[in-house]
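One-letter residues, chain by chain:
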Amino acid sequence: MSLIKMSTITRRAALFAGLGCIGLGQATALATTWPAARGDGEEIVRLYGERGRFVGRMLHVGDPLADAVVAELPGLGEDGHRLLQRGIAYGLASLTDPPPAIAAFLRSAETVPPWVTPRTFTGGSRTFMSIPLPAHAVTLSLAALTHTYSSPAIAGVLVGTGELINSTKRRLVETTDWLLRCMQPGALRRGGKGYVATLQVRMLHAQARARTLARGWNVGALGHPLGQVDLARTWLDFLPISYAALGKLGYDCTADEVADLYRTWWYIGHLLGIDPGFYLGITDHQAARRLLALVDATNRAPDANSKALVTQTVAGAADLFSLNGILPTVSRETIRASFRHVNGDRIADFFGVPASPAQALLPLAALAAGEEHQLARSFPPAWEARIKANEALAETFLALLPTSAYVTNSGGYHDAGVMTGTAPTAGSSQR
Ligand code: HEM
């Protein structure tokens, strides 16, 4: 192992103080199954102990329940897809004699974990909606997705799907669409917009995973495509990565707001098919960053695919703002300045995002936004009004978005809580 690699991992490991280490003999045995291009397994296990071993196992795991559905669908003929969509929107109980893999997938998604409380469905939404939508748009496009794409394992899958380099704008819009649906109050309840969208995305992932494997993905070197560790890393992009960027724009959250946010995202993790071993117990950004350090120890530096995806995203980010007239128009110059402001010069230089004179204004703007945010929080009626206004704006924004392809293909959404409602009668969609 090179000295540079050792010191990087050691620094990350220091964050995990308190987690036990296992003996070197066990580590050596494990390294034989550690994917060759996903970091130094022996070193990771030596430094992170049981949590490192868990990550090593998870590098080999996709999403068994969703993957089984993808394997089952071809045998169901034309009805398979309709059955699945009906089950996602109206529940397992709406299907007569459901096929086994679809039934197992829906049963698991519909099982409410014991840690869920009514607040799970509203708390994270309130934290999110207390922050203006334009700030979320900056954060999603310039921080979260940039970080997602910086993983060669993730970028490799995305570029391999062929479409992405040419459709990073679509990806940006559809991810915004998905996030806003999930962050509406109550939308993650069974049958709600966020619930349905998340299960649809999970199925998209399973299909992309199967296609990637069929194309001859090097599992020995890279682990399972679109695997658990990469899912967990992307989950973290919406949390410590996004909220650090929001902090740089002036929007800090209280400890309670952050705790609410994580509880809600535990549930999103559940719906996305992420192993609870990653997220349960993570209630603040500090713990999330410790997990991210471990997950990042399995990644190499961003590669040419990463650079291509980030460049396209930065180039297309201004389009997100001018999409439907809801967000303020933002110049490409401001986008570049914001990229540098939220990611820092080192990352901006790496991705070749040029410096901009507009950057000098951003710290002042953040200061003013932060003061205004604190002031609103100290006056509860203003705070409630802010949350309600952002919810309404998000609703309007969604209504004016071109319908995402993954929504159109699945027959649209249901409203939250309608699992008790009547599913449309569709003879052909029942077995
Ligand atoms: C928290 C984890 C994740 C979330 C919330 C998420 C979200 C989404 C969303 C909203 C879409 C639909 C919009 C679109 O097509 O762009 C999507 C599609 C996709 N995602 Fe993810 N994603 C996650 C993790 C990942 C990871 C780790 C990978 C790759 C390693 C990945 C690969 C893909 C691919 C290939 C598609 C497109 C599938 C298709 O269009 O056929 N995603 N994801």
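Residues numbered from 1 in each chain as written. Predicted model: local features only at pLDDT ≥ 70, side-chain atom pairs only at ≥ 80, totals over all residues.

Turning our eyes to something else, we now look at the nonpolar core. The biggest cluster of nonpolar side chains holds 106 residues, and the ones touching the most others in it are V69 and L236. In terms of residue count, helix 14 (residues 228-248) provides more of this core than any other element does, eleven residues in total. Apart from the residues lying within four places of it in its own chain, the contact partners of L236 are I241, A288, L291, L292 and V295. (Core = buried A, V, L, I, M, F, W, Y, C linked by C-beta atoms within 7 Å. Buried ≥ 20, exposed ≤ 12 C-beta atoms within 10 Å, placed from the backbone. Helix = DSSP H or I, 4+ residues; strand = E, 2+ residues; numbered from the N terminus. Contact = placed C-beta atoms within 7 Å.)

Averaged over all residues, the pLDDT of the protein is 86; the fraction at 70 or higher stands at 85%. Low pLDDT (under 50) marks residues 411-422, which in the prediction has 22 contacts with non-local residues, meaning those over four places away or in another chain. Note on residues 424-431: pLDDT under 50 across the span, and twelve contacts to partners over four residues away in sequence or across chains. (pLDDT = per-residue confidence, 0-100.)

Looking now at helix 6 (residues 79-90). When the terminal C-alpha atoms of helix 6 are compared, their 16 Å separation across twelve residues agrees well with the 16 Å that a helix rising 1.5 Å per residue should span. All buried positions along helix 6 are accounted for by L83, L84, R86, G87, I88, A89 and Y90. Buried positions along helix 6 lie against helix 5 (64-72), helix 7 (100-110) and helix 12 (193-214). One or two steps after helix 6, the chain reaches G91, where phi turns positive at roughly 100°. (Expected span 1.5 Å × (residues − 1).)

Following both chains from N to C, one finds helix 9 (residues 133-149) and helix 14 inclined at 130°, their axes separated by 9 Å at the closest point. Relative to helix 14, helix 9 is oriented oblique. Both helix 9 and helix 14 take part in a crossing whose hand is right-handed. Each of A135, T139, L140, A143, A144, H147 and T148 in helix 9 lies in contact with helix 14, whose residues at this interface are T234, D237, F238, I241, S242, A245 and L246. (Axes fitted to C-alpha atoms, helices over the stretch in contact; angles between N-to-C directions. Parallel < 35°, antiparallel > 145°, perpendicular 65-115°, else oblique. Left-handed = near helix turned anticlockwise from the far one by under 90°.)

The ligand sits among 19 residues. The nearest are E174, W178, A208, D230 and T234. Residues belonging to the shell around the ligand are distributed by class as follows: twelve nonpolar, four polar and three charged. (Near = placed C-beta within 6 Å. Nonpolar A, V, L, I, M, F, W, Y, C, P; charged D, E, K, R; others polar.)

For the rest of this paragraph, the subject is helix 4 (residues 50-58). At 3.6 residues per turn, the α-helix brings residues three or four places apart onto the same side. Among all positions in helix 4, only G52, V55, G56 and M58 are buried. When helix 4 is viewed along its axis, its buried side chains cluster within an angular range of 165° and face the same direction. (Arc of directions from axis to C-beta.)

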